[in-house]
Amino acid sequence: MSDAKQATEPEAIDFESELQLALERANDDESHVEHDAETMHPSQIAACKRQAYLGKLGLKDHTDILGTFQTGTLIHEFIEDHVGGHVDAEFEKAVELERDGVRFVGHTDCYDPAANAVYDVKSRNGWYRFDPPKDRHLDQMHVYMAATGAEYGQVVYVNKGDLEVRTWPEDGLFEFDPERFGAIVAKAQQVRDAVRDHGIASSEDEVPFDRCGCFLCDNETLQFGD
Ligand SMILES: [Zn+2]
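Keep in mind it's a predicted model, so treat the numbers as computed, not measured. (Residues numbered from 1 in each chain as written. Predicted model: local features only at pLDDT ≥ 70, side-chain atom pairs only at ≥ 80, totals over all residues. Heavy atoms only, no water.)

A. Highlighting the coordination of the zinc ion. Each protein donor to the zinc ion is listed here as Cys48 (SG), Cys212 (SG), Cys214 (SG) and Cys217 (SG); together their distances run 2.2 to 2.3 Å. Here the zinc ion is ringed by 4 donor atoms whose angles at the metal span 100 to 118 degrees, and the overall shape comes out tetrahedral. Along the chain, the residues that donate to the zinc ion are spaced as C-x163-C-x1-C-x2-C. For Cys214, a relative accessible area of 22% gives the class partly exposed. With a relative accessible area of 1%, Cys217 lands in the buried category. (Donors = N, O, S within 2.8 Å, 3.2 Å for Na, K, Ca; no water. Tetrahedral: all angles 85-135°; square planar, octahedral: opposite > 155°, others 65-115°. Buried < 20%, exposed > 50% of the residue type's maximum accessible area, 1.4 Å probe, protein only.)

Dropping the structure here:
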């Protein structure tokens, strides 16, 4: 009964678990999942074929990296809200492009009609091993460029610690490379065909692409349907 302890310590809010639950509520697990064979998001098809397949079908478990996603989202939202009204450009512009039997859907961070350029914000933890650009980022941007008709692009790196910005190219814009985009379309077609031929994997054995040795393959956590 209550007489066992007169002065029980009050119970503290458990912020560790509350914050994790908040991240799970804030992140819609299905938001980038596409169950058809043809549709892919630019960030997915910029990864290797295995990760593109796993990503579009929702077979990756993101529970442990929701916090990383969220800090990235906060930075994007801050830029959209506080830079967006002060430069003549469209932020979070929806894009969609069909090409040779595959379909790309997503949002480009910033489209600048005067320069006919897209900008993509990549948040990172400091500048250790900063060695831009990553092919994966350029591939992703080439999809946005093809979809908007932008001839130019720039990667905008933002340090999560203090919002310091560095860009690639350092001073200016890079040009659209039709060959690079052609290779992305070819990769998307291979992923599409794998979904058509093998369906949606229900176990790791059924994933039609082996781990390729990339960072994402080396660090993947999978989740299969219930
Ligand atoms: Zn890989």
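B. Geometry of the pairing of strand 4 (residues 117-124). Across the 8 residues that make up strand 4, a large majority, 7, are buried. Here 3 bridges tie strand 3 (residues 102-112) to strand 4, and the two strands are oriented antiparallel to one another. Counted as the bridge partner of Tyr111 is Val118 from strand 4. A loop of 4 residues connects strand 3 with strand 4, the two strands running antiparallel in sequence, and Asn116 in this loop sits at a positive phi of about 50 degrees. Alignment of strand 4 against strand 5 (residues 152-159), held across 8 bridges, turns out to be parallel. Across the sheet, Ser123 pairs through a bridge with Val158, a residue of strand 5. Handedness of the β-α-β unit built from strand 4, helix 5 (residues 135-148) and strand 5 comes out right-handed. (Helix = DSSP H or I, 4+ residues; strand = E, 2+ residues; numbered from the N terminus. Pairing = 2+ DSSP bridges. Right-handed = clockwise from strand over helix to strand, strands pointing away.)

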